[in-house]
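Residue strings, one per chain:
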2 protein chains.
Amino acid sequence: MNLKQLSHMLSLSQTTVSRALNGYPEVSEETRRRVMDAAKRHGYRPNPSARRLATGKSGMIGYVLPTGAAVDIDPHFVEFLSGLGDYARSHELDLVLSPADADDEETTYRRIVANRQVDAVYLSSPRPADKRLALVNTLGIPFIVHGRSEGFDFDYPYLDIDNEGAFHEAARLLVQLGHKRLALINGNDRETFAIHRERGMRRALAASGLALGERHIRSATMTEENGYRAARRLLEDSEPPTAIVCSSLIMALGVVRAVRDLGLTIPGDLSLVAHDDVFPWLRPENFPVPLSTTRSSIRLAGARVAERLAARISGLEEGARGEVWPVDLVVRGSVAGAPG
Amino acid sequence: MNLKQLSHMLSLSQTTVSRALNGYPEVSEETRRRVMDAAKRHGYRPNPSARRLATGKSGMIGYVLPTGAAVDIDPHFVEFLSGLGDYARSHELDLVLSPADADDEETTYRRIVANRQVDAVYLSSPRPADKRLALVNTLGIPFIVHGRSEGFDFDYPYLDIDNEGAFHEAARLLVQLGHKRLALINGNDRETFAIHRERGMRRALAASGLALGERHIRSATMTEENGYRAARRLLEDSEPPTAIVCSSLIMALGVVRAVRDLGLTIPGDLSLVAHDDVFPWLRPENFPVPLSTTRSSIRLAGARVAERLAARISGLEEGARGEVWPVDLVVRGSVAGAPG
DNA sequence: CAGAATAGCCAAAGCGCTTTGGAAGTCTCT
DNA sequence: AGAGACTTCCAAAGCGCTTTGGCTATTCTG
């Protein structure tokens, strides 16, 4: 069933039927109802390919997926996707993942924009002065950044959590508990979120006249192994920290293992706080010692990004609106007063 | 730059230019070269929307993503995706994720094939007599199943690992080590992979005159917490197992925690083997006691599925070829002879 | 060397939708 | 009653590609 058949069936022109279906005003209410009815009854669905060709709109949102033998997709991605899907489903929005060589995402961005494959894109894990962001901005396709960049002379729409505030609060709590030597096990420090977290922590320490020594910061991709290594390094130092703030639950697993291997205990010898993106399959309350966390559901963020993307596509949202979500600090058994 | 302009520029018809570009034989080699050159020089890229409308082919592969507030996307998905992306990238194949209500995926499948949004789809986590599989089979769109179903009177193309063989081997090893009371902590037992694993284990036990008691099988979605609960249940039983085979690394985390909580040790009191899909962020050799595993890279599977999907789209692969990958058994410190 | 086959090219007809630029019909106002 | 302003609909021109059905030369057959 296509437009031609449907309109013939109704003894109307394709124009009128098309307009009736798409809610244009220049068609009488009665006609519109008649058309709508017939369309529903015959299960008419406009052919998206044809519509695309005519309008240039695809009804899809895009994401450029960096790939390569050495590139691992972050498991956070899947949770974000859950949220995105939740929203997209109810709006018949599809998501197209365009895999790109991690060393050359630009070509792919240019391609999907030139081809008008998607109506909007989102970017994630931005870095300061991220090239992708500048590119997408000049290409003129609607977009939203999940996270933030820095160092641009233009504004852009984003959704981010208050990483700085979260780690500020976490550190402040630890300081209040009497800790003087804090350490940070961060994610990849070329990404903005990691920079913000470090900044938050430094600010909290500075407020009490303390500092975060260079040897007390470790940064690496967020795997269990890297958490372990970082913790070993820190704890075997001559001046080991009495509290660690950690950028991810997965790394925290490694930290816990290191603490055990060294015969130490949480929170007796070490207080631990980690950031929790809320995975269904790994929960901080189920750590050997329930883990204190800064918590923010990445899934909710996914849904919100989808919602805003949809709004931008339909012109309901404009401008460079930034949105920053507060982060909960959830205190559990893994923190205690500083030892000794 | 579109076809019209390009052909005008070459003083050729659109027909000829189109054919030259698409490798049709009825154009002379010299002309083809001339056309190819000009196309490259001017960066001509055929408009995919137009091509789609004309041919019905989209150059994308599809995946229907079950979503919903109560639905969690498996973290394995992201690893599979890495592999898929690896292959797809080099072939300019995009992947479109169509989120669907987990209770009604059928509508979405029908939509994407009716709309010809994708040239092929893949299914994952199939169950016995999986409706999606029957549906996709009758809809006539090229597809590949990642995993296997059972109980159909037709064959279908799939890629699966030898789950039965893997768990057979794992159990056999444990039996050889003298274990008599084995337990299985499985994934969702409505999925075929879980059924196969159970079958493999039963077969190994039966071969030695042993059996897998109902109380020694637990099945749940693969989270740390479920692993913990299952292990507690098993180990606090009046006849606790001396060895556990576990369907995932994430669940194994929970098992390890339970063992600790109960004051037991691995492998002294309990031998443990788990299946490892090879996550970059959680490695069995880094468990408190290095974990023995049945190992199969889900990422490689993703790449292979993409490759076969591409082959099916271009008609290079036909028929219902099933492909089953063997699984490595990797023995590490978490297994030992049965206690006392 | 006539007739058949083949190679190489082209005009035009789709693919199924949206949108432009009217054209008729109906009302309103002076 | 005629001019202007709406309202409601339509024919036809795209969107940019592929593909069908020829139409010329050129080459091959017997």
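As the structure is a computational prediction, the values presented were derived from the model and not from experiment. (Residues numbered from 1 in each chain as written. Chains lettered and ligands numbered in written order. Predicted model: local features only at pLDDT ≥ 70, side-chain atom pairs only at ≥ 80, totals over all residues. Heavy atoms only, no water.)

## Let's talk about the protein's contact with DNA strand D
With respect to spatial proximity, 27 residues lie near DNA strand D, and among them Thr15 of chain A together with Leu3, Ser18, Arg19 and Tyr24 of chain B are the closest. Listed by contribution, the elements that provide at least two residues to the surface near DNA strand D are helix 2 (14-21) and helix 4 (48-55) of chain A together with helix 2 (14-21) and helix 4 (48-55) of chain B. Here the surface near DNA strand D is composed, by residue class, of 10 nonpolar, 13 polar and 4 charged. (Near = heavy atom within 4 Å. Helix = DSSP H or I, 4+ residues; strand = E, 2+ residues; numbered from the N terminus. Nonpolar A, V, L, I, M, F, W, Y, C, P; charged D, E, K, R; others polar.)

## Remarks on the domain arrangement of chain A
By a frequent convention, interface size equals the accessible area lost on bringing the separate parts together. Taken domain by domain, chain A holds domain 1 (3-46), domain 2 (60-161 + 300-325) and domain 3 (163-296). For domain 1 of chain A versus domain 3 of chain A, the distance between C-alpha centres works out to 61 Å. (Domains from an automatic or database assignment.)

## Overview of the interface of chain B and chain A
With 54 residues of chain B at the interface, the matching set in chain A holds 54 residues. Both sides of the chain B and chain A interface together cover about 4,600 Å² of buried area, and 57% of this is carbon and sulfur. Across the contact surface, chain B and chain A share 6 salt bridges. Linking Arg283 of chain B and Glu225 of chain A is a salt bridge whose minimum nitrogen-to-oxygen distance equals 3.0 Å. Linking chain B to chain A there are 26 residue pairs in polar contact (both at pLDDT 80 or more). Counting only elements with at least two residues in the side of chain B that touches chain A, the list comes to helix 4, strand 1 (60-67), helix 5 (76-89), strand 2 (94-101), helix 10 (224-235) and helix 11 (249-261) of chain B. Among the elements that take part in the side of chain B that touches chain A, helix 5 of chain B stands out by supplying 9 residues, more than any other. (Contact = heavy atoms within 4.5 Å. Buried area = accessible area lost by both parts, 1.4 Å probe. Salt bridge = Lys/Arg side-chain N within 4 Å of Asp/Glu carboxyl O. Polar contact = N/O pair within 3.5 Å; in protein donor to acceptor, adjacent residues only side chain to side chain.)

## Quick look at the packing of aromatic side chains
Scanning all chains against the criterion turns up 15 aromatic pairs over all chains. Taking the centre distance of 4.9 Å and the plane angle of 40° together, the rings of Phe80 of chain B and Tyr122 of chain B count as tilted. Pair noted here: Phe80 of chain B is in helix 5 and Tyr122 of chain B is in strand 3 (residues 120-124), with a separation of 42 residues, a long-range link. Per residue, the accessibility class of Phe80 of chain B equals that of Tyr122 of chain B, and both read buried. Grouped by ring-pair contacts, the aromatic residues Tyr63, Phe77, Phe80 and Tyr122 of chain A constitute a single cluster. The residue whose ring lies beneath Arg257 of chain A is Tyr228 of chain A, and the NZ or CZ to ring-centre distance is 3.8 Å. (Phe/Tyr/Trp six-rings, centres within 6.5 Å; stacked < 30°, edge-to-face > 60°. Buried < 20%, exposed > 50% of the residue type's maximum accessible area, 1.4 Å probe, protein only. Lys NZ or Arg CZ within 6 Å of the ring centre and 35° of its normal.)

## Digging into the pattern of salt bridges
All names here are of chain A. If you walk through the whole model with that rule in mind, you get 57 salt bridges over all chains. The closest approach of N and O atoms between Arg304 and Glu307, which form a salt bridge, is 3.2 Å. Of this pair, Arg304 and Glu307 both sit in helix 12 (residues 298-313), 3 residues apart, roughly one helical turn. Residue Arg304 is classed as buried on the basis of its relative accessible area, which comes to 19%. Classification of Glu307 by relative accessible area gives partly exposed; the value is 36%.

## Observations concerning the relation of the copies chain B and chain A
If you rotate chain B by 180° and push it 0.1 Å along the axis, it lands on chain A with an RMSD of 0.1 Å. Here the two chains are linked by the operation of a two-fold rotation axis. The rotation axis passes nearest to the C-alpha of Val96 of chain B in chain B, at a distance of 2.1 Å. The residues that chain B uses at the interface reappear at the interface of chain A in 100% of cases, marking a shared surface. (Least-squares fit on C-alpha atoms with pLDDT ≥ 70 in both.)

## Considerations on the sheet that holds strand 3 (residues 120-124) of chain A
Spatially, the 12 strands line up as an open sheet ordered 11(A)-5(A)-4(A)-3(A)-1(A)-2(A)-2(B)-1(B)-3(B)-4(B)-5(B)-11(B), and their pairing is mixed. In this open sheet, the two strands that pair with only one neighbour each are strand 11 (322-325) of chain A together with strand 11 (322-325) of chain B. Each adjacent strand pair in this sheet contributes to an overall mean axis angle of 25°, direction not counted. In terms of strand pairing, strand 1 (residues 60-67) of chain A meets strand 2 (residues 94-101) of chain A through 8 bridges, oriented parallel. What sits directly across from Thr67 of chain A, in strand 2 of chain A, is Asp101 of chain A. Helix 7 (residues 131-139) of chain B rests against strand 3 and strand 4 (143-146) of chain B of the sheet, and its axis sits at about 165° to strand 3 of chain B. (Pairing = 2+ DSSP bridges. Axes fitted to C-alpha atoms, helices over the stretch in contact; angles between N-to-C directions.)

## Here we look at the protein's contact with DNA strand C
Residues in close proximity to DNA strand C total 27 residues, the closest being Leu3, Ser18, Arg19 and Tyr24 of chain A together with Thr15 of chain B. Sugar and phosphate atoms represent 61% of those atoms of DNA strand C found within 4 Å of the protein. Here a phosphate oxygen of DNA strand C sits 3.0 Å away from a polar atom, N or O, in the side chain of Asn22 of chain A. Of all the secondary structure elements, the ones that give two or more residues to the surface near DNA strand C are helix 2 and helix 4 of chain A together with helix 2 and helix 4 of chain B.

## Some remarks on the sheet that holds strand 9 (residues 271-276) of chain B
Residue and element names in this part refer to chain B. Pairing is mixed in the open sheet, where 6 strands are placed in the order 7-6-8-9-10-12. On the outer flanks of this sheet lie strand 7 (217-219) and strand 12 (328-330), each paired with one strand and no other. Shown here is a sheet whose adjacent strand axes are inclined to one another by a mean of 15°, direction ignored. As judged from the 4 bridges shared by strand 9 and strand 10 (residues 292-295), these two strands associate in the parallel manner. Across the sheet, Asp276 pairs through a bridge with Arg295, a residue of strand 10.

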